[in-house]
Amino acid sequence: MNHFSYPPIRNGQAHKGHLIKVTGDGEMAIQPDSASVNLGIITEGKQLITAQQQNSLEATKVINALISLGVPKNHLQTFDYRIESDYDYDQGKQIFRGYKITHILEVKFDDISKIGNVVDTAVQNGVNHVSNIQFTVKNKESFYKQALVLAVNNATEKAKTIAETLKAVLIPTPILIVEGGSSVQPVYNQPGTFVKSMTATQLEPGQIILKANVMAEYQFTPSY
């Protein structure tokens with residue numbers, strides 16, 4: 001009968017072949033503290049210049065209303081501007097209907113409690129398309145570090161469980177740990193077309209989920 005014996009452990013180190021490789025995950029649920037929304041002014045007309053002028057007047061009216069509401073001018077920027085030709089189709093024939101001008105403004109918020117009032121004001125002043133309402137967090141790095149701590153602890157707990165199952169002794173300090181990166185799941189509201197209304201818009205920010213993950217290698221010593 002052949003007998004195999006492991007090399008003796010020196011300086012408190014396990015044999016290099018005795019490895020446990022695990023992944024660890026950490027997750028933080030965060031209350032958003034900032035937001036952005038896209039506000040669109042869409043106009044249509046038979047004459048291009050007339051449609052452009054009408055769109056420009058409407059956009060200026062919206063911008064002035066938002067600034068009067070307290071939105072900083074540097075929090076307003078053009079996200080998209082498009083001129084499109086619209087057509088109808090009758091028995092396979094293409095019939096020119098007119099032009100559609102789309103001007104999308106992106107509005108950013110440091111105070112998310114104001115977003116509902118801003119959307120209502122914008123709609124009442126000419127906005128007829130609201131989309132991409134996104135709640136975010138400003139100090140993401142700090143929260144990510146907390147999620148990373150959870151990920152490392154999770155990896156260690158997994159390694160301990162595996163070692164206990166094998167009736168082995170785990171060396172708790174990993175010999176290798178690789179950060180897998182982070183992911184953020186911001187809160188979105190679906191795009192939609194709004195009509196002018198005096199009804200107050202209520203937008204709930206919910207929570208943002210920030211995740212971190214690591215890959216770690218631990219050494220262990222078999223029990224004999």
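Residues numbered from 1 in each chain as written. Predicted model: local features only at pLDDT ≥ 70, side-chain atom pairs only at ≥ 80, totals over all residues. Heavy atoms only, no water.

Some points on the packing of helix α1 (residues 48-69) against helix α2 (residues 115-124)
So, step 1. In the contact formed by α1 and α2, the axes pass within 9 Å of each other and the chain directions differ by 145°. Note that α1 runs across α2; the crossing there is right-handed. Along its contact with α1, which presents V62, A65, L66 and L69, the element α2 presents N117, V118, T121 and A122.
So, step 2. Split into classes, the residues belonging to the contact of α1 with α2 amount to six nonpolar, two polar and no charged. (Axes fitted to C-alpha atoms, helices over the stretch in contact; angles between N-to-C directions. Helix = DSSP H or I, 4+ residues; strand = E, 2+ residues; numbered from the N terminus. Left-handed = near helix turned anticlockwise from the far one by under 90°. Contact = heavy atoms within 4.5 Å. Nonpolar A, V, L, I, M, F, W, Y, C, P; charged D, E, K, R; others polar.)

Notes on the environment of K211
So, step 1. Among the secondary structure elements, K211 is positioned in strand β9 (residues 208-222).
So, step 2. Sequence separation between K211 and L150 is 61 residues; the distance between their C-alpha atoms is 9.6 Å.

Let's talk about the pairing of strand β4 (residues 93-109)
In the case of a regular strand, side chains alternate between the two sheet surfaces.
So, step 1. Of the strand pairs in this sheet, strand β2 (residues 34-45) and β4 are connected by eleven bridges, and their pairing is antiparallel. Bridged to I41 within β4 is H103.
So, step 2. The pairing of strand β3 (residues 76-90) with β4 spans 14 bridges and is antiparallel. Paired with Y87 across the bridge in β4 is F96.
So, step 3. Turn length for the β3-β4 hairpin, with the two strands adjacent in sequence and antiparallel, is two residues, and the turn residue Q91 shows positive phi of about 55°. (Pairing = 2+ DSSP bridges.)

So, the nonpolar core
So, step 1. Counting residues in hydrophobic clusters, the biggest one holds 22 residues, and the most contacted among them are V37, L39, L66, V107, I115, V127 and V130.
So, step 2. Mapped by element, the contributors of at least two residues to this core are β2, α1, β4, α2 and β5 (129-136).
So, step 3. The dominant element in this core, judged by the number of residues it contributes, is α2, at five residues. (Core = buried A, V, L, I, M, F, W, Y, C linked by side-chain atoms within 4.5 Å. Buried < 20%, exposed > 50% of the residue type's maximum accessible area, 1.4 Å probe, protein only.)

Thoughts on the confidence of the model for the protein chain
So, step 1. Across the protein chain, the average pLDDT comes to 84, with 82% of residues at 70 or higher.
So, step 2. Considering each helix and strand of the protein chain separately, the mean pLDDT is smallest for strand β8 (residues 187-189), with a value of 49, and largest for α1, with 95.
So, step 3. Across residues 1-14 the pLDDT falls below 50, and counting only partners more than four positions away or on other chains, this stretch makes 13 contacts in the model.
So, step 4. Under a pLDDT of 50 for its full length, residues 189-199 has, in the predicted model, 24 contacts with residues more than four places off or in other chains. (pLDDT = per-residue confidence, 0-100.)

What to know about the packing of aromatic side chains
So, step 1. This model, assessed by the stated rule, comprises two aromatic pairs.
So, step 2. Judged by centre distance (5.7 Å) and plane angle (70°), the ring pair of Y87 and F96 falls under edge-to-face.
So, step 3. For Y87, a relative accessible area of 34% translates into the label partly exposed.
So, step 4. On the basis of relative accessibility, which here comes to 34%, the residue F96 falls in the partly exposed class.
So, step 5. Ring centres of F96 and Y99 lie 5.1 Å apart, and the angle between their planes is 70°; this geometry places the pair in the edge-to-face category.
So, step 6. Members of the aromatic cluster, each reached through a chain of ring pairs, are Y87, F96 and Y99. (Phe/Tyr/Trp six-rings, centres within 6.5 Å; stacked < 30°, edge-to-face > 60°.)

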